[in-house]
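# Examining the three-dimensional arrangement
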Amino acid sequence: MASSDRDKEELFARLSIEEINPGTFFGKWTKSKNTSMIKSYSPIDGSLLASVTSTSPSDYDKVILQSEKSYTEWVEIPPPKRGSIMLKIGQALRAAKEDLGMLVTLEAGKTISEGKGEIQEMIDIADFSVGLSRQLEGLVIASERPWHRMMEQYVPLGPIGIISSFNFPSSVWSWNAFIAAVCGDTSIWKPSSKTPLAAVAITKVLSRILEEEGAPQIFSLVTGSGEEIGSRMAADRRIKLISFTGSVQSGKKVSQLVSERLGKSILELGGNNAAVVSDNADIDIALKGVAFGALATAGQRCTSTRRVIVNDRIYDAFIKKMEKIYRDLPVGDPRKSGILVGPLIDESAVRKFESAISEAKRQGGKLLAGGTRASINGGKGFYVKPALIEAKPDMEICKTETFAPILYVFKYHAIDEAVRIHNSVPQGLSSSIFTRDLLESEYFISHRGSDCGIVNVNTGTAGAEIGGAFGGEKDTGGGRESGSDAWKNYMRRQTITINYGKELPLAQGVEFKI
Ligand code: UN1
């Protein structure tokens, strides 16, 4: 446990993190001159962890040129060989799991278990990418013309850009970077300015493995604000795909810049996820699933449960139990064992939490538990007592995503009403129903049910495995990353027709005599 300055110093030494870190990597580390410093503060106690030099415009160009050059070498390595390098990367991450997990705890304020879980998620996607490296398959399609064959294959894109968010400072990047790597792409990472250290530490681990393997440096790093570097990347034609994780508002700007140049994008934007708790639910499972969904990462996940829709026959009993969970919640320093809710990322997140609660009250909501600042670590750090609010589904505040632990509770009578409430928000990432009734569960997962990209039964909205495609509909942006066939986003599709005959028959029976 990095409880003292000495522990922190030792951790930083093992991860080769300095007091002032270069924030630019393009095969070598560079501290850009005359640029602003990005200061990484720990939300645990507000202390300065270290600083990172942001990337200057001329160094940004060097990064792109190096990524393009690395691509020309990397793309010539057969995919299964790329996979065996990813195997080594997965092993290196296993070896560094404790240290990297602790860094995520220090920088993002996650509990120890969640910090390690985040590194495990990277290891999982590294393993997945190894298998995938031998399964980048295409199709053979029946041709309508004699002596013709049609095929479909996927070829690499080139350098791609990944703009990641503070709440998953490493794993969401790896969903993109590792899959793109076995597909043959190189990647340029711009992490959140709230969590640049995790990105520096991870890039150090990975660049060492690539060097040992004699592979080109395919994982580059740039740092700086979204407005500057993020927008530059989005508008840069040399970056074939932008994968963006963040707010709906920023996602719309990124999407406009990318589509202006007809580039590709993957958008993983906000969620406003709900759980339906039926009177047929196993109540203990439902309580745990809803609580984890609402409270993990202090409600700062895209997948966090923000609304719970409870059947009126069990409403009172369920809410009473939920209130007790909220009243007894261990909020505190996330390095301590037993703590379930750590701090929010910064002061502005606390302010947004407070103003959403006042707004909810103004719109008719009733605060059942929590909803105030919590004084931990002598008032330093950004802790709050998660809020449980009885509300009405049509309240405007319940349709917006506040990136903080606020759970709105609604009542329903019939399942179609629950689904209507569920789908009545602009966002569409994750959803869940707790029920042991097969008919209800089938209804919820059918086209009549949840309108989200992720639909769960008897497990909460948060905590997806890497094996499935991750992403959502409506304002969530429609992107898919991580498992399943999301790899296809990191390649371009070619439809190929081969004539191996002695004539030139035309499709659709068209005649053309010369
Ligand atoms: C996010 O919040 O951006 O499903 C990603 C989950 C995690 C990933 C969340 N595996 O909650």
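How each quantity is defined
Residues numbered from 1 in each chain as written. Predicted model: local features only at pLDDT ≥ 70, side-chain atom pairs only at ≥ 80, totals over all residues. Heavy atoms only, no water. Salt bridge = Lys/Arg side-chain N within 4 Å of Asp/Glu carboxyl O. Helix = DSSP H or I, 4+ residues; strand = E, 2+ residues; numbered from the N terminus. Buried < 20%, exposed > 50% of the residue type's maximum accessible area, 1.4 Å probe, protein only. Expected span 1.5 Å × (residues − 1). Arc of directions from axis to C-beta. Contact = heavy atoms within 4.5 Å. Pairing = 2+ DSSP bridges. Axes fitted to C-alpha atoms, helices over the stretch in contact; angles between N-to-C directions. Parallel < 35°, antiparallel > 145°, perpendicular 65-115°, else oblique. Left-handed = near helix turned anticlockwise from the far one by under 90°. Near = heavy atom within 4 Å. Polar contact = N/O pair within 3.5 Å; in protein donor to acceptor, adjacent residues only side chain to side chain. Areas by Shrake-Rupley, 256 points an atom, 1.4 Å probe, with all protein chains shown as cover. Nonpolar A, V, L, I, M, F, W, Y, C, P; charged D, E, K, R; others polar. Domains from an automatic or database assignment. Buried area = accessible area lost by both parts, 1.4 Å probe. Patch = residues over 30% accessible without salt bridge, like charges linked within 9 Å, V, L, I, M, F, W, Y side chains within 5 Å.

### Focus on the pattern of salt bridges
Taken as a whole, this structure holds 28 salt bridges when the rule is applied. A salt bridge links Arg14 to Asp99, with the nearest nitrogen and oxygen atoms 2.9 Å apart. Residue Arg14 is found in helix H1 (residues 5-14), and its partner Asp99 is found in helix H4 (residues 97-108); the two are separated by 85 residues along the sequence. A residue is classified by how much of its surface remains accessible, and Asp99, at 18% relative accessible area, is buried. When the shortest N-O distance is used, the salt bridge between Glu323 and Arg327 registers 3.6 Å. On the criterion of helical spacing, the pair formed by Glu323 and Arg327 is a turn pair, its members being four residues apart in helix H11 (residues 315-327).

### What to know about helix H12 (residues 347-362)
In a regular helix each residue adds 1.5 Å, so 16 residues correspond to 22 Å; H12 covers 23 Å between its end C-alpha atoms and thus fits that length. The complete set of buried residues in H12 reads Ala349, Val350, Phe353, Ala356, Ile357 and Ala360. Taken end-on, H12 shows its buried residues confined to a sector of 125 degrees, consistent with a single buried face. Turned more than 90 degrees from where H12 packs its buried face, Arg351, Lys352 and Arg362 sit exposed. Buried positions along H12 lie against strand E15 (366-369), strand E16 (387-390) and strand E17 (406-412).

### Quick look at the pairing of strand E13 (residues 273-277)
For E13, the tally of buried residues reaches five of five residues, placing the bulk of the element in the interior. Here E13 shows two buried faces, one formed by Asn273, Ala275 and Val277 and the other by Ala274 and Val276. The pairing of E13 with strand E19 (residues 430-434) spans four bridges and is classified as parallel. Paired with Val276 across the bridge in E19 is Ile433.

### Details of the packing of helix H3 (residues 79-95) against helix H7 (residues 196-212)
It is at 10 Å that the axes of H3 and H7 come closest, and there the two elements cross at 140 degrees. Compared by their axis directions, H3 and H7 come out oblique. In this structure, H3 meets H7 at a crossing whose hand is right-handed. Here Ile85, Lys88, Ile89, Ala92 and Leu93 of H3 come into contact with H7, specifically with Val205, Leu206, Ile209 and Leu210.

### Considering the environment of Gln153
Along the polypeptide, Gln153 turns up in strand E7 (residues 148-156). Counting along the chain gives 208 residues from Gln153 to Lys361, while the straight-line C-alpha distance between them is 55 Å. Setting aside chain neighbours within four positions, we find Gln153 in contact with Arg492, Arg493, Gln494 and Ile496.

### Description of the sheet that holds strand E4 (residues 37-41)
Here we have three strands laid out as an open sheet, ordered E1-E5-E4, and mixed in their pairing. One side of each edge strand has no neighbouring strand; the edge strands of this open sheet are strand E1 (20-22) and E4. Within this sheet the neighbouring strands show an average axis-to-axis angle of 30 degrees, counted without direction. Across five bridges, the pairing between E4 and strand E5 (residues 48-53) is antiparallel. Each residue of the ladder has a partner; that of Tyr41, found in E5, is Leu48.

### Here we look at the site of the ligand
Near the ligand you find 13 residues, and of these Arg301, Cys302, Thr303, Gly463 and Ala464 are the closest. Residue Cys302 places a main-chain N or O atom 2.7 Å away from an oxygen atom belonging to the ligand. Here an oxygen atom of the ligand and a side-chain polar atom of Thr303 are 2.7 Å apart. For the ligand, whose free accessible area comes to 320 Å², the fraction covered by protein is 99%. For the shell around the ligand, the per-class residue count stands at seven nonpolar, three polar and three charged. Here the shell around the ligand spans two domains, since at least three of its residues come from each of domain 1 (62-269 + 477-493) and domain 2 (273-469).

### Describing the domain arrangement of the chain
Splitting the chain by domain gives domain 1 (62-269 + 477-493) and domain 2 (273-469). On a C-alpha basis, the centroid separation for the pair domain 1 and domain 2 is 30 Å. Listed by partner, the interface residues are 26 residues for domain 1 and 21 residues for domain 2. Interface of domain 1 and domain 2: buried area, both sides summed, is about 1,900 Å²; carbon and sulfur atoms make up 64% of it. One can count two salt bridges joining domain 1 with domain 2. Ionic pairing is found between Lys194 and Asp346, a salt bridge with its closest N-O pair at 3.5 Å. If you look at where domain 1 meets domain 2, you find nine residue pairs in polar contact (both at pLDDT 80 or more). Among the elements of the structure, H4, helix H5 (112-132) and strand E23 (481-482) are those that each provide at least two residues to the side of domain 1 that touches domain 2. Take the side of domain 1 that touches domain 2: its biggest share by element is six residues, from H5. Taken together, the residues that form the side of domain 1 that touches domain 2 break down as ten nonpolar, seven polar and nine charged.

### Focus: the environment of Ile64
Position of Ile64 among the secondary structure elements: in helix H2 (residues 57-74). Here Ile64 falls in the buried class, since its relative accessible area comes to 0%. In this structure the C-alpha to C-alpha distance between Ile64 and Gly161, which are 97 residues apart in sequence, comes to 9.9 Å. Setting aside its immediate chain neighbours within four residues, Ile64 contacts Ile188, Asp236, Arg238 and Ile239.

### Section: the packing of H1 against H4
One way to put it is that H1 packs onto H4 with a least axis distance of 10 Å and a crossing angle of 125 degrees. Looking at the two axes, H1 sits oblique to H4. In this structure, the crossing between H1 and H4 has a hand that is left-handed. From H1, Lys8, Leu11, Phe12 and Arg14 reach across to H4, where they touch Asp99, Met102, Leu103 and Leu106.

### Quick look at a nonpolar patch on the surface
A cluster of nonpolar side chains, contributed by Leu504, Leu506, Val510, Phe512 and Ile514, occupies part of the molecular surface with about 630 Å² of accessible area. Here Leu504 lies in the segment after strand E24 (491-499). Take Leu504: its relative accessible area is 66%, and that puts it in the exposed class.

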